[in-house]
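Fold and geometry: a report
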Amino acid sequence: MSDLLTLLPQSGDDPGPWVMVTLTRAEGSTYRKAGAHLLVSPTRRLGMLSGGCVEAEVAARCAPLLQGGTEPLEMVLDTRRMLGCDGRLTLLAEPLPPELPRSVSRVLTERRGFRLYSRPVGSGWRPSSLEGEDGRDFVHEVQPPLRLCVFGSGPGARPVKQMAEILGWETEQLVLSSDPASRYPSAGWTILPASVSASRWVDARTACILMNHHVGRDAELLRALWDSLTPFLGLLGSRRRRDQILGRLSFEYGLDLSSRELYAPVGLDLGAEGASEIALEICAQIQRIFRGELPNVHEFRSQRESEKSQRAV
């Protein structure tokens, strides 16, 4: 998730002017990678470009822009000379593009990402915008926050939801109306009248975890979510239970088990004991998949939609 999604909403009560600093290149050992941002106003700083070591220096160098200047600034910080860290940061500072807060607001409400193009300082420079040229501009993918849908009413669902919230993910706990616990719902639950409605909660930035501890309800939800856009579909339980559920779905409903990956048993094997440690295993696996093992989200969405269209023909 782009840090702009959290930084720009925080800037709304400050008239500014605001300067946007973009980390366009990171070399060596650096705390943040290319695409990180710092927002600077005359009275505030939002965001981090390092472990807190260079932000004051960067803000001081933004003084010409904070005083009304419009010419961009390029900064190259060699942290080996400044701090003893083995890194080098290339930064672009410019007035905050006026359309950017609106674009970020749309991402948060509509969950549709965009690309932000930043051109290096020099001939042909223009402010960062939603239009640019691949290969010439620095391209930053601004994607919706990762969303986690936890399906189930058991006590193990709450630690997973809490850990996801600490990570800044959007979270939902969804309980089927066929679950006896739905008669006495807890705060924060969403009751689903039928599993067929489950897929409407998910998109290509949503991870789904099934924690019903019930073969029938888990099978019902797997059937509903199998062709959805979620890149991460996880099932809590043993391999034997997983095989039992998948065999039922294949035999009774003709589900093509090779059409997607099911993460089951869900979670990285960290030797967990108890619900809180299991929650750590689950969130660690989701983080690894979304950060390092997924294709471009636009490509993933197109691929899943194409597969669904082909099966409908």
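Our structure is the block above this text.
These numbers come from a predicted model, not from an experiment.

With that out of the way, let us pick up the state of the cysteines. Under the definition given, this model contains 0 disulfides. Cysteine Cys 149 shares no disulfide, and the gap to the nearest cysteine sulfur, in Cys 208, comes to 5.0 Å. Residue class for Cys 149 comes out buried when judged on its relative accessible area of 0%. Looking at Cys 208, the relative accessible area reads 0%, which means it is buried.

Further remarks concern the sheet that holds strand β9 (residues 170–176). Read from one edge of the open sheet, 5 strands run β10-β9-β8-β11-β12, paired in parallel fashion. At either margin of the open sheet sits one strand with a lone partner, and together these are β10 (189–192) and β12 (232–235). For this sheet, the mean inter-axis angle between neighbouring strands, taken without regard to orientation, is 25°. Examined bridge by bridge, strand β8 (residues 147–151) and strand β11 (residues 206–210) share 5 bridges and lie parallel to one another. Its bridge partner being in β11, Arg 147 is matched across the sheet by Thr 206. The strands that helix α7 (residues 215–225) touches are β8, β9, β11 and β12; relative to β11, the one it contacts most, it runs at about 155°.

This part covers the environment of Asp 78. Structurally, Asp 78 can be placed in strand β4 (residues 73–78). Separated by 48 residues in sequence, Asp 78 and Thr 30 have C-alpha atoms that sit 10 Å apart. Ignoring anything within four residues of it in the chain, the contact list for Asp 78 reads Gly 87 and Arg 88.

Here we come to the sheet that holds strand β1 (residues 19–28). The strands making up a sheet are joined through hydrogen bonds of the backbone, oriented either antiparallel or parallel. One open sheet holds the 5 strands; their spatial order is β3-β2-β1-β5-β4, and the pairing between them is antiparallel. Only two strands of the sheet have a single partner each, and these edge strands are β3 (45–47) and β4. Between one strand and the next, the sheet's axes are offset by a mean angle of 20°, whatever the strand orientation. The pairing of β4 with strand β5 (residues 87–95) spans 6 bridges and is antiparallel. In the sheet register, Leu 77 faces β5, and the bridge partner there is Leu 89.

On to the nonpolar core. Formed by 23 residues in total, the largest nonpolar core has its most connected members in Phe 151, Leu 210, Leu 222, Leu 225, Leu 233 and Leu 262. Among the elements that make up this core, the one with the highest residue count is α7 (4 residues). The contacts of Leu 210, once residues within four sequence positions are left out, are Phe 151, Asp 218, Leu 221, Leu 222, Leu 225, Leu 233, Gly 234, Leu 235 and Leu 236. By size, the runner-up hydrophobic cluster in this structure holds 20 residues, among which are Leu 146, Ile 209, Ile 282 and Cys 283.

Below, the discussion takes up the packing of α7 against helix α8 (residues 239–253). Their axes nearest at 10 Å, the elements α7 and α8 cross at an angle of 55°. Considering their axes alone, α7 and α8 lie oblique with respect to each other. Of the two elements, α7 crosses α8, and the hand of that crossing is right-handed. Taking contact as the criterion, the partners of Val 215, Gly 216, Asp 218, Ala 219, Leu 222 and Arg 223 in α7 are, on α8, Arg 241, Gln 244, Ile 245, Leu 246, Arg 248, Leu 249 and Tyr 253. Across the contact of α7 with α8, the residue classes tally to 7 nonpolar, 2 polar and 4 charged.

This next bit is on the packing of aromatic side chains. Applying the stated rule across the entire model yields 1 aromatic pair. Ring geometry for Phe 232 against Tyr 263: centres 4.4 Å apart, planes inclined by 5°, an arrangement best described as stacked. Of this pair, Phe 232 sits in strand β12 while Tyr 263 sits in the loop between α8 and α9 (275–293), and the two are 31 residues apart along the sequence. For Phe 232, a relative accessible area of 0% translates into the label buried. For Tyr 263, a relative accessible area of 12% translates into the label buried.

What follows concerns unusual backbone geometry. Note that the residue after Gly 16, namely Pro 17, is joined by a cis bond; omega there is 10°. Tracing the chain through its elements places Pro 17 in the loop between α1 (4–10) and β1. A cis amide bond links Ala 264 to the next residue, Pro 265, at an omega of -5°. Residue placement: Pro 265 occurs in the loop between α8 and α9. Unlike most non-glycine residues, Arg 111 shows phi in positive territory, near 55°. Summarising the element assignment, Arg 111 is placed in the loop between α5 (100–110) and β6 (114–118). One non-glycine residue, His 213, adopts positive backbone phi at about 55°.

Cut-offs applied
- Residues numbered from 1 in each chain as written.
- Predicted model: local features only at pLDDT ≥ 70, side-chain atom pairs only at ≥ 80, totals over all residues.
- Heavy atoms only, no water.
- Disulfide = S-S within 2.5 Å.
- Buried < 20%, exposed > 50% of the residue type's maximum accessible area, 1.4 Å probe, protein only.
- Pairing = 2+ DSSP bridges.
- Helix = DSSP H or I, 4+ residues; strand = E, 2+ residues; numbered from the N terminus.
- Axes fitted to C-alpha atoms, helices over the stretch in contact; angles between N-to-C directions.
- Contact = heavy atoms within 4.5 Å.
- Core = buried A, V, L, I, M, F, W, Y, C linked by side-chain atoms within 4.5 Å.
- Parallel < 35°, antiparallel > 145°, perpendicular 65-115°, else oblique.
- Left-handed = near helix turned anticlockwise from the far one by under 90°.
- Nonpolar A, V, L, I, M, F, W, Y, C, P; charged D, E, K, R; others polar.
- Phe/Tyr/Trp six-rings, centres within 6.5 Å; stacked < 30°, edge-to-face > 60°.

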